[in-house]
There are 2 protein chains.
Amino acid sequence: MPRSGEAVRQRLQRAALELFTEHGFDQTPVEAIAARAGVTERTFYRHFADKREMLFDGETELRDLLVQAVAAVPHGMKPLPALRAAFHETVPLFERNRPLTEPGVRLIAETPALQERSLAKRALLVNALTDALRARGVNPRTAPLCAQVAMDTFAVATHRWMQEPSVPLHDQLDQAFRELRLAAAALK
Amino acid sequence: MPRSGEAVRQRLQRAALELFTEHGFDQTPVEAIAARAGVTERTFYRHFADKREMLFDGETELRDLLVQAVAAVPHGMKPLPALRAAFHETVPLFERNRPLTEPGVRLIAETPALQERSLAKRALLVNALTDALRARGVNPRTAPLCAQVAMDTFAVATHRWMQEPSVPLHDQLDQAFRELRLAAAALK
DNA sequence: GCTAAAAACGTCAGTCTCTGACGCCAAAGA
DNA sequence: TCTTTGGCGTCAGAGACTGACGTTTTTAGC
């Protein structure tokens, strides 16, 4: 029974995902997760802030990658094209983790408490993108709107990609942003 | 001590808002709210699904009004203009309840648990708008994107309206949608 | 290889949220 | 006046977290 810290964390994640998919999120006490991982309930809360948090581990990684990608976009590019380019940079990350995240998204989709947390994580991403845009010199007033709209477009693209695996995520992204442009063009 | 049901509900809401603004949301047990309202903790949960839910009572009213407004928009209008028109219909509702909702939004802004619930409520609104758009014959595939983007634009407008009360909400709305059009026009 | 600091874990006690079951009492209708 | 219904109180309990403290393991320095 190793005690290296990271091993415990991974055992907790595996145990939680198994129990969640078997009995559901709400019907799985933290005590059961800890027991399957060979650890105490108290240790669970030393690795994760709360029960929901363990389902959203890759979010910080995605956020850092995204912020870095926005900063790396060529100067002079308008906000939405810049964000679209940044999202394209994250495609490999999604394609690589696809089989791993699939049971997670299904769990989130059918658990209201997890949907709330998912939306909160998305809001954190939007805030980070807003700061990244402002760092590029984008109008501080319009930066939040651009970041939010781009994030929604990205979310639509990934959602479609989950349901229709045949179309590459790159194409889903371009398609979604194209629809955004067309819809907005009808405004004036 | 009346026992009419609705009176208890209102006393609970008043007591909660007072205690929340005084000690904060997390530092206010449900037991204290019920005590100030002259009832038991159990009665609180007979009126509200959970502790957060009492802060979001007007959401269903807003949703119904919004769905109805989308349905009432003239035929042939494109999704985003239709949604913009529908949002304009809700302006009186916001202007009327402004002093009442002000302490609520401040509380939500500084309480992560309430932000999560707020985002969840917004997602419900987006789903309702998506259905309303589809009922108008909008492309079922693009309806979610339009509803989401319009909701974000509306949120930006109301947010600015809260901070700069001098500019009417109608103008904030038009301004935000104008920025959306300009930002999206730079995409192709 | 030995020892001391630091990190990880266990144990215990406790608060708070939320739920089910049961009984009581007031109000509305026959 | 009697019955029914709905709102409420009481009780018991599960589950999510947190703080405090002691113990064990790992790491670092000699």
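Since the model is a prediction, treat every value here as computed from it, not as a measurement.

Per the secondary structure count, chain A includes ten helices and zero strands. Along the three orthogonal principal directions, the C-alpha set of chain A runs to about 60 × 35 × 25 Å. Taking all 188 residues of chain A together, 45% fall into the buried category. Total accessible area on chain A is roughly 9700 Å²; 52% of this is exposed by carbon and sulfur atoms. Measuring between centres, the 25 positive side-chain charges of chain A sit 5 Å from its 23 negative side-chain charges.

Inspection of the secondary structure puts A:T60 in helix α4 (residues 58-72). For A:T60 and A:L125, which are 65 residues apart along the polypeptide, the C-alpha to C-alpha distance reads 8.7 Å.

We now examine the packing of aromatic side chains. All names here are of chain A. Counted according to the given criterion, the structure contains ten aromatic pairs over all chains. Seen from their ring centres, F44 and F48 are 5.5 Å apart, and the 45 degrees between their planes marks the pair as tilted. Given a relative accessible area of 3%, F48 falls into the buried group. An angle of 10 degrees between the planes, with centres 4.2 Å apart, marks the rings of F87 and F154 as stacked. Here F154 lies in helix α9 (residues 143-163) and F87 lies in helix α5 (residues 79-89), a separation of 67 residues in the sequence. When its relative accessible area of 0% is taken as the criterion, F87 is described as buried. F154 sits in the buried class, given a relative accessible area of 5%. Connected via pairs of aromatic rings, a cluster forms that spans F44, Y45 and F48.

Close to DNA strand C lie 19 residues, the nearest being A:T43, A:R46, A:H47, B:R42 and B:K51. What you see for DNA strand C is that sugar and phosphate hold 54% of its atoms within 4 Å of the protein. A:T43 is positioned with one of its side-chain polar atoms (N or O) 2.2 Å from a phosphate oxygen of DNA strand C. In this structure, a phosphate oxygen belonging to DNA strand C sits 2.8 Å away from a side-chain N or O atom of B:K51. Elements supplying a minimum of two residues to the surface near DNA strand C: α3 (41-47) of chain A together with α3 (41-47) of chain B.

Calculation criteria
- Residues numbered from 1 in each chain as written.
- Chains lettered and ligands numbered in written order.
- Predicted model: local features only at pLDDT ≥ 70, side-chain atom pairs only at ≥ 80, totals over all residues.
- Heavy atoms only, no water.
- Helix = DSSP H or I, 4+ residues; strand = E, 2+ residues; numbered from the N terminus.
- Buried < 20%, exposed > 50% of the residue type's maximum accessible area, 1.4 Å probe, protein only.
- Areas by Shrake-Rupley, 256 points an atom, 1.4 Å probe, with all protein chains shown as cover.
- Lys, Arg positive; Asp, Glu negative; His and termini not counted.
- Charge placed at Lys NZ, Arg CZ, Asp CG, Glu CD.
- Phe/Tyr/Trp six-rings, centres within 6.5 Å; stacked < 30°, edge-to-face > 60°.
- Near = heavy atom within 4 Å.
- Polar contact = N/O pair within 3.5 Å; in protein donor to acceptor, adjacent residues only side chain to side chain.

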